[in-house]
Amino acid sequence: MPQKTKDARLDAKYVDQCIFAVASDDLNALAMLYEATDSVIYAYALSILRNAYDAQDVLHDVYVKVYESAHNYVSQGKPMAWLLTITKNLCYSRFRKQSWFVDISDEDLEKQIVIKPDVSVEDKLVVTKCLSKLGEDERQIVVLHAMSGLKHKDIAKLTELPLSTVLSKYNRALKKLQKIYENV
């Protein structure tokens, strides 16, 4: 069973341990993995699908897929990249099955934003409002970098965009966020 660290959320070694334990049919490890990663998986799915119900479905499908595939997992020190790749593939599979999607509401976007508990409700609302003004690609890149701690090169691989495009979209998004924040 994985040893929970002080801040297990997204700790690569902890997530790795959970995945390896899941490969050994440890359902407690699957629950621990879910607890540590569900908010990021949901946020990423929501940023792609832009529909809360579909994102919830994909969230649960991800952990089913992890349970089925954990025995094939090879650690490369980036377990979140593996989980997010599964998420992305399931999202795109869902797109192929349905050719429509609904725009994300401010309420759903607010649920997407996972902020430390000591952040005020007002600050969370400001962040939500600011992110809702970004384009889909920009929001996705900002969420992946800020929430999951992925490096830009990993985001480029995951989104299948050139690194230079990811960097420019991220920097452009930060400038937009700064302007939006100044006007809030």
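Residues numbered from 1 in each chain as written. Predicted model: local features only at pLDDT ≥ 70, side-chain atom pairs only at ≥ 80, totals over all residues. Heavy atoms only, no water.

Let's talk about helix α2 (residues 27-49)
Right, on to step 1. For α2, built from 23 residues, the straight-helix expectation of 33 Å at 1.5 Å per residue is missed by more than 12%, its first-to-last C-alpha distance being only 28 Å.
Right, on to step 2. Of all the bends in α2, the greatest measures close to 60° and is centred on T37.
Right, on to step 3. Buried residues dominate α2, accounting for 17 of its 23 residues.
Right, on to step 4. Capping the start of α2, D26 holds a side-chain oxygen 2.9 Å from the backbone nitrogen of N28, two or three residues further along.
Right, on to step 5. Immediately beyond the C-terminal end of α2, within one or two residues, lies R50, with a positive phi of roughly 60°. (Helix = DSSP H or I, 4+ residues; strand = E, 2+ residues; numbered from the N terminus. Expected span 1.5 Å × (residues − 1). Bend = angle between axes of the 7 residues up to and from the residue. Buried < 20%, exposed > 50% of the residue type's maximum accessible area, 1.4 Å probe, protein only. Polar contact = N/O pair within 3.5 Å; in protein donor to acceptor, adjacent residues only side chain to side chain.)

Comments concerning the environment of I41
Right, on to step 1. Along the chain, I41 turns up in helix α2.
Right, on to step 2. Classification of I41 as buried rests on a relative accessible area of 0%.
Right, on to step 3. Considered as a pair, I41 and H60 are 19 residues apart in the sequence and their alpha carbons are 9.6 Å apart.
Right, on to step 4. With residues up to four places along the chain from it excluded, the contact list for I41 reads L59, V62, Y63, M80, L83, L84 and T87. (Contact = heavy atoms within 4.5 Å.)

Notes on the pattern of salt bridges
Side chains bearing opposite charge may pair, as long as their charged atoms lie close to each other.
Right, on to step 1. Taken as a whole and judged by the stated rule, the model has five salt bridges.
Right, on to step 2. Ionic pairing is found between K169 and D137, a salt bridge with its closest N-O pair at 3.0 Å. Within this pair, whereas K169 is found in helix α9 (residues 163-182), its partner D137 is found in helix α7 (residues 136-148), the two being separated by 32 residues in sequence.
Right, on to step 3. On the accessibility criterion, K169 (19% relative accessible area) is buried.
Right, on to step 4. Here E138 ties to K176 by a salt bridge, and the two come within 3.0 Å at their closest N and O atoms. Placement of E138 in helix α7 and of K176 in helix α9 is noted, with a sequence separation of 38 residues between them. (Salt bridge = Lys/Arg side-chain N within 4 Å of Asp/Glu carboxyl O.)

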